[in-house]
There are 2 protein chains.
Amino acid sequence: MALMGAVGRADWRHVLETTPHPRGLRADGFSADPFYKCLVAEVPAELACRGQTIVGYAMYFFTYTAWKGRALYLEDLYVMDECRGKGIGGEFLRRIAEIAIQNKCSSLQFVVLNENRPSIEFYIAKGADDMTKAEGWHLFRFEREQLEGLAGGKPPPEQLPLDITGAPGTPFPPISREKF
Amino acid sequence: MALMGAVGRADWRHVLETTPHPRGLRADGFSADPFYKCLVAEVPAELACRGQTIVGYAMYFFTYTAWKGRALYLEDLYVMDECRGKGIGGEFLRRIAEIAIQNKCSSLQFVVLNENRPSIEFYIAKGADDMTKAEGWHLFRFEREQLEGLAGGKPPPEQLPLDITGAPGTPFPPISREKF
């Protein structure tokens, strides 16, 4: 699949250490209720890079804030090295911005490693704000192992008797997806 | 609605300046294809806080990375002041961790303002890593006005002829939701 080929070619340093998982990408992106959406950039055959006409991709999904409603998150934006500097990244951003506006999103967010100066300069030039620098937002993460520890924890003695449920009307049971 | 009452009471400084929008919360969270999911914490009537038995909420949604697949994002975790220190936040985290594991998520992510020391100490004590401090991840944002500028932009002269479309099989047209 062209998308998974493009993902396999993404060559930012830390990314090379992780192997994309084709079965997961296929099951989670190409079902009736996908976890993500993706745009691909295709050039005419005569402009193919290393024999590929799919030369970039942009993976995104919708997010939400209680305060401003819908938002869009750009998870990945990748263009093959040989095709950079030719407006493809900017065209991806333009399309993503269109999608955000059409879907009433209040903002588009994404994260970038502070050492990735070329990407940061690109986004700043397009008008993005560095919210970590401007307001002090920090990204936190629990990895799988830490989640397993949390899930298995016991309530402390001082915990109030309480009931935690899905807010009325929200589908609470786990999402059933194709298994892989 | 109890959820919107709880959201209205969330009292972190910057949040007070923004008004939640009930119609949007209702349309986007309580439909067949919600933008977010939410847990609420309910205490027995005899332990009500300021007459409320719904004393906290946790808003979350599923996200995705090309490298590790499904992930979960915790957008908001709020407990009324009077009910803090009684294990409710920890129980929310435990349930969220369970949901993440049941849905094969590789991680749980969220952002916190660096000045919000009580929250940061809570999450670090539970085992979260500060990825901004540890690896240099910065959060970037385009606001609505900047998105409108991007969407209206013209391609530069050096742009390759190209076609940007949804990756085959992904639903490309804008999501149609109830209008509000």
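Throughout what follows, the structure given in this document is the object of discussion. (Residues numbered from 1 in each chain as written. Chains lettered and ligands numbered in written order. Predicted model: local features only at pLDDT ≥ 70, side-chain atom pairs only at ≥ 80, totals over all residues. Heavy atoms only, no water.)

1. Focus on helix 7 (residues 144-151) of chain B
Part 1 of the argument: Listing the buried residues of helix 7 of chain B in full gives B:Leu147, B:Leu150 and B:Ala151. Buried residues of helix 7 of chain B, viewed axially, fall in a sector of 95°; they line one side.
Part 2 of the argument: Buried residues in helix 7 of chain B make contact with helix 4 (88-102) and strand 4 (107-113) of chain A together with strand 6 (137-143) of chain B. (Buried < 20%, exposed > 50% of the residue type's maximum accessible area, 1.4 Å probe, protein only. Helix = DSSP H or I, 4+ residues; strand = E, 2+ residues; numbered from the N terminus. Arc of directions from axis to C-beta. Contact = heavy atoms within 4.5 Å.)

2. Regarding the state of the cysteines
Part 1 of the argument: Within this structure, the stated rule accounts for two disulfides over all chains.
Part 2 of the argument: Here A:Cys49 is linked by a disulfide to A:Cys83, with a sulfur-sulfur distance of 2.4 Å. Residues A:Cys49 and A:Cys83 are joined by a disulfide whose S-S torsion is about 85°; by sign, that bridge is right-handed. Of this pair, A:Cys49 sits in the loop between strand 1 (37-42) and strand 2 (54-65) while A:Cys83 sits in the loop between strand 3 (69-79) and helix 4, and the two are 34 residues apart along the sequence.
Part 3 of the argument: A relative accessible area of 1% means that A:Cys83 is categorised as buried.
Part 4 of the argument: Cysteine A:Cys105 remains unbridged, with the sulfur of A:Cys38 as its closest cysteine sulfur at 17 Å.
Part 5 of the argument: With relative accessibility at 1%, the residue A:Cys105 sits in the buried group.
Part 6 of the argument: Between B:Cys38, a cysteine without a disulfide, and B:Cys83, which holds the nearest cysteine sulfur, the sulfur-to-sulfur distance is 16 Å.
Part 7 of the argument: The class for B:Cys38 is buried, based on a relative accessible area of 1%. (Disulfide = S-S within 2.5 Å.)

3. Quick notes on the environment of B:Tyr78
Residue and element names in this part refer to chain B.
Part 1 of the argument: Summarising the element assignment, Tyr78 is placed in strand 3 (residues 69-79).
Part 2 of the argument: Among the residues examined, Tyr78 registers a relative accessible area of 6% and is labelled buried.
Part 3 of the argument: For the pair formed by Tyr78 and Tyr57, sequence separation is 21 residues and the distance between their alpha carbons is 5.4 Å.

4. Remarks on the pairing of strand 6 (residues 137-143) of chain A
The two faces of a sheet get side chains in turn, since along a regular strand they alternate between them.
Part 1 of the argument: Within strand 6 of chain A, six of the seven residues are buried, which leaves the element mostly enclosed by the surrounding structure.
Part 2 of the argument: Two elements, strand 6 of chain A and strand 4 (residues 107-113) of chain B, share seven bridges in a ladder whose sense is antiparallel. Across the sheet, the residue bridging to A:Phe142 is B:Leu108, located in strand 4 of chain B.
Part 3 of the argument: Sheet analysis places strand 6 of chain A next to strand 5 (residues 129-130) of chain B, joined by two bridges and oriented antiparallel. Paired with A:Arg141 across the bridge in strand 5 of chain B is B:Asp129. (Pairing = 2+ DSSP bridges.)

5. Some thoughts on the packing of helix 7 (residues 144-151) of chain A against helix 4 (residues 88-102) of chain B
Part 1 of the argument: Interhelical geometry of helix 7 of chain A versus helix 4 of chain B gives an angle of 125° and a closest axis separation of 8 Å. With respect to helix 4 of chain B, the element helix 7 of chain A is oriented oblique. Every pair of crossing elements has a handedness; the one defined by helix 7 of chain A and helix 4 of chain B is left-handed. Residues A:Arg144, A:Leu147, A:Glu148, A:Leu150 and A:Ala151 of helix 7 of chain A lie in contact with helix 4 of chain B, whose contacting residues are B:Leu93, B:Arg94, B:Ala97, B:Glu98, B:Ala100 and B:Ile101.
Part 2 of the argument: Residue classes in the contact of helix 7 of chain A with helix 4 of chain B are distributed as seven nonpolar, no polar and four charged. (Axes fitted to C-alpha atoms, helices over the stretch in contact; angles between N-to-C directions. Parallel < 35°, antiparallel > 145°, perpendicular 65-115°, else oblique. Left-handed = near helix turned anticlockwise from the far one by under 90°. Nonpolar A, V, L, I, M, F, W, Y, C, P; charged D, E, K, R; others polar.)

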